[in-house]
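Here are the chains, one letter per residue:
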Amino acid sequence: MEPLSILDLMMRGGAAGVSLILAASLVRRAASSSIARFGAMFAFGAACYAVASAPAVAEALPRLVSVMKPFAITAGVLFWWFALAMFCDTKRWAWPRLIPFLVIFGAAALAGLQPFQDWVRITHVFTESITILLMIHVIVIISLGVEDDLVEPRRKFRTVWVGAISGTVLVVCAAQIWALFKPAPISVQVLEAVLLLVMTSGATVWSLSAQPDFFPEDDKPCGEPDRRGVQAADRHLAAHLRDAMARGVYQEPGLTVGALAARLNTPEHRLRAVINQQLGYRNFAAFLNEHRIAEARRRLESPSEARRQILQLALDLGYGSIAPFNRAFRDLTGVTPTQYRRNALERGDTAEPAE
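In this report, we go over the structure that sits alongside the text. This one's a predicted model, so the numbers in the text were calculated from it and none came from an experiment.

1. Section: the overall build of the protein chain
Stage number 1. For the protein chain, the helix and strand inventory stands at 16 helices and zero strands.
Stage number 2. For the protein chain, buried positions account for 45% of its 355 residues.
Stage number 3. Within the protein chain, residue pairs in contact and separated by at least 24 positions form 71% of the contacts whose partners lie at least 6 positions apart.
Stage number 4. Carbon and sulfur atoms provide 63% of the accessible area of the protein chain, an area that totals close to 18100 Å².

Structure, rendered in structure tokens:
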């Protein structure tokens, strides 16, 4: 075996071992945290990919590789699930997220049943392309959500650590597509192995030292205070913030954390800490939506505003269009604004709809 091939095998073996350590560290939190569950699933998938993608292992242990391949080929989907769980605080699990997993798994199964090389190439390009699109989606989520993120450690790490994983998966997908049409040089394989080892090692070190804020319990309600690390002096700021929200500052269109901090004459980092640790919100959009939707419900229940257009109500509350208002309202109440108004006016009271 060539020296570079030995190095490649060592790197992939190390990446697999470190990934299993990462999975084990996350399993400890998996019972109460969906973020930890998806993270453990991704780590296991990464370990399977590191082993199954090693040419020496594929040649020596084909049966082991065939068992690991289903997990290896869907590792990108598992990471996508992990990223959605970690960064989409207001979104619950939805069955459409299974579609990429089922499509990739099904396409890979068909490729295994077809003897034609062209068909194998087509299915592999198709599955890798889906993974690439998922990684682009993760990068978009990371980029768009950084300003709203109120969990300061998560806000700092999202653009580095998760971005590095997304970039690594993109490189791996590109290498896999390249290998379908032209044998990849051993140097490219070693580079991929090095990226896998660095990524998994960094993720494992982070997981072992991660703060509880990264893995909140699933049943912890939004808005539950967590005052760790907040000084007593910040209670005054929290009271000042509540007063400002009671006066309707949340209705300002395009309101950001920075703009609100300027209005309250306080540093932005301090306001972020207060909203997160004193008031219990993990992102600023959720904080705003809580107040905006509460006011929307009050107005929708009022007979005097029964003829007011939903669009005008959304604009009055600071939304730029009807779509984000409808989405936020449905996430918090389980029904559309129109249905909520109809139910409230038919009842003739202000009872809340069942979730």
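2. What to know about the pattern of salt bridges
Stage number 1. Using the criterion set out here, one finds eleven salt bridges in the structure.
Stage number 2. The shortest N-O distance in the salt bridge between Arg308 and Asp316 comes to 2.1 Å.
Stage number 3. Salt bridges linked by common partners bring Glu147, Arg155, Glu268 and Arg272 together as one network.

3. Thoughts on the packing of helix H1 (residues 3–30) against helix H2 (residues 34–52)
Stage number 1. Packing of H1 against H2 brings their axes to within 8 Å, and their N-to-C directions diverge by 165°. What the angle tells us is that H1 and H2 run roughly antiparallel. For the pair H1 and H2, the sense of crossing is left-handed. Side by side, H1 and H2 meet where Arg12, Ala15, Ala16, Ser19, Leu20, Leu22, Ala23, Leu26, Val27, Arg29 and Ala30 of the first sit next to Ala36, Arg37, Gly39, Ala40, Ala43, Phe44, Ala46, Ala47, Tyr49, Ala50 and Val51 of the second.
Stage number 2. Taken together, the residues that form the contact of H1 with H2 break down as 17 nonpolar, two polar and three charged.

4. Considerations on empty space enclosed by the protein
Stage number 1. This model, assessed by the stated rule, comprises two cavities of 30 Å³ or more.
Stage number 2. Size it by volume and the second largest cavity reaches roughly 30 Å³.
Stage number 3. Looking at the lining of the second largest cavity, the elements that each hand over two or more residues are H1, H2 and helix H9 (186–209).
Stage number 4. Partitioning the lining of the second largest cavity into residue classes produces seven nonpolar, two polar and no charged.

5. Topic: helix H10 (residues 234–246)
Stage number 1. Between its terminal C-alpha atoms H10 stretches 18 Å, which fits the 18 Å expected from 13 residues at 1.5 Å a residue.
Stage number 2. Residues of H10 that are buried: Asp234, Leu237, Ala238, Leu241, Ala244 and Met245. The arc that holds the buried residues of H10, viewed along the axis, is 120°, so those residues lie on one side. Exposed side chains of H10 directed beyond 90 degrees from the buried face belong to Arg235, His236 and Ala246.

6. Quick word on helix H13 (residues 284–300)
Stage number 1. Here H13 contains 17 residues, and its C-alpha end-to-end distance of 24 Å stays within 8% of the 24 Å for a straight helix at 1.5 Å per residue.
Stage number 2. Along H13, twelve of the 17 residues are buried, which leaves the element largely enclosed by surrounding structure.
Stage number 3. Residues of H13 that are buried include every one of Phe284, Ala286, Phe287, Leu288, Asn289, Arg292, Ile293, Glu295, Ala296, Arg297, Arg299 and Leu300, and no others.
Stage number 4. The elements touched by buried residues of H13 are H10, helix H11 (257–264), helix H12 (268–278), helix H14 (310–316), helix H15 (322–333) and helix H16 (337–347).
Stage number 5. Its side-chain oxygen placed 3.1 Å from the backbone nitrogen of Ala285, Asn283 serves as the N-cap of H13.

7. Looking at the packing of aromatic side chains
Stage number 1. Taken as a whole and assessed by the stated rule, the structure comprises eleven aromatic pairs.
Stage number 2. Ring centres of Phe284 and Phe287 lie 5.9 Å apart, and the angle between their planes is 35°; on these two criteria the pair is classed as tilted. In this pair, Phe284 and Phe287 are both assigned in helix H13, three residues apart and thus about one turn of the helix distant.
Stage number 3. Owing to a relative accessible area of 1%, Phe287 belongs among the buried residues under this scheme.
Stage number 4. For the ring pair Phe325 and Phe329, a centre distance of 5.8 Å and an interplane angle of 55° mean the geometry is tilted. With Phe325 and Phe329 both in helix H15 and four residues apart, this pair spans about one turn of that helix.
Stage number 5. Looking at Phe329, the relative accessible area reads 0%, which means it is buried.
Stage number 6. Linked through ring pairs, Phe38, Trp81, Phe101 and Phe105 together constitute an aromatic cluster.
Stage number 7. Here the basic side chain of Arg292 rests over the ring of Tyr319, its NZ or CZ set 5.0 Å away from the ring centre.

8. Brief notes about the environment of Arg292
Stage number 1. Relative to the helices and strands, Arg292 resides in helix H13.
Stage number 2. Judged by relative accessible area, Arg292 falls into the buried class, the value being 6%.
Stage number 3. Once the C-alpha coordinates of Arg292 and Asp316 are considered, the two residues, 24 residues apart in sequence, prove to be 9.7 Å apart.
Stage number 4. Contacts of Arg292, omitting those with residues within four sequence positions, involve Tyr250, Glu252, Leu255, Leu317, Gly318 and Tyr319.
Stage number 5. A polar contact is formed between the side chain of Arg292 and the backbone oxygen of Glu252, at a distance of 3.2 Å.

Rules used in this analysis
Residues numbered from 1 in each chain as written. Predicted model: local features only at pLDDT ≥ 70, side-chain atom pairs only at ≥ 80, totals over all residues. Heavy atoms only, no water. Helix = DSSP H or I, 4+ residues; strand = E, 2+ residues; numbered from the N terminus. Buried < 20%, exposed > 50% of the residue type's maximum accessible area, 1.4 Å probe, protein only. Contact = heavy atoms within 4.5 Å. Areas by Shrake-Rupley, 256 points an atom, 1.4 Å probe, with all protein chains shown as cover. Salt bridge = Lys/Arg side-chain N within 4 Å of Asp/Glu carboxyl O. Axes fitted to C-alpha atoms, helices over the stretch in contact; angles between N-to-C directions. Parallel < 35°, antiparallel > 145°, perpendicular 65-115°, else oblique. Left-handed = near helix turned anticlockwise from the far one by under 90°. Nonpolar A, V, L, I, M, F, W, Y, C, P; charged D, E, K, R; others polar. 1 Å grid on protein atoms, 1.4 Å probe; cavity = no way out; pocket = protein on both sides within 12 Å on 5 of 7 lines; lining within 4 Å. Points joined across faces, edges and corners; volume = space filled by probe spheres on them. Expected span 1.5 Å × (residues − 1). Arc of directions from axis to C-beta. Polar contact = N/O pair within 3.5 Å; in protein donor to acceptor, adjacent residues only side chain to side chain. Phe/Tyr/Trp six-rings, centres within 6.5 Å; stacked < 30°, edge-to-face > 60°. Lys NZ or Arg CZ within 6 Å of the ring centre and 35° of its normal.

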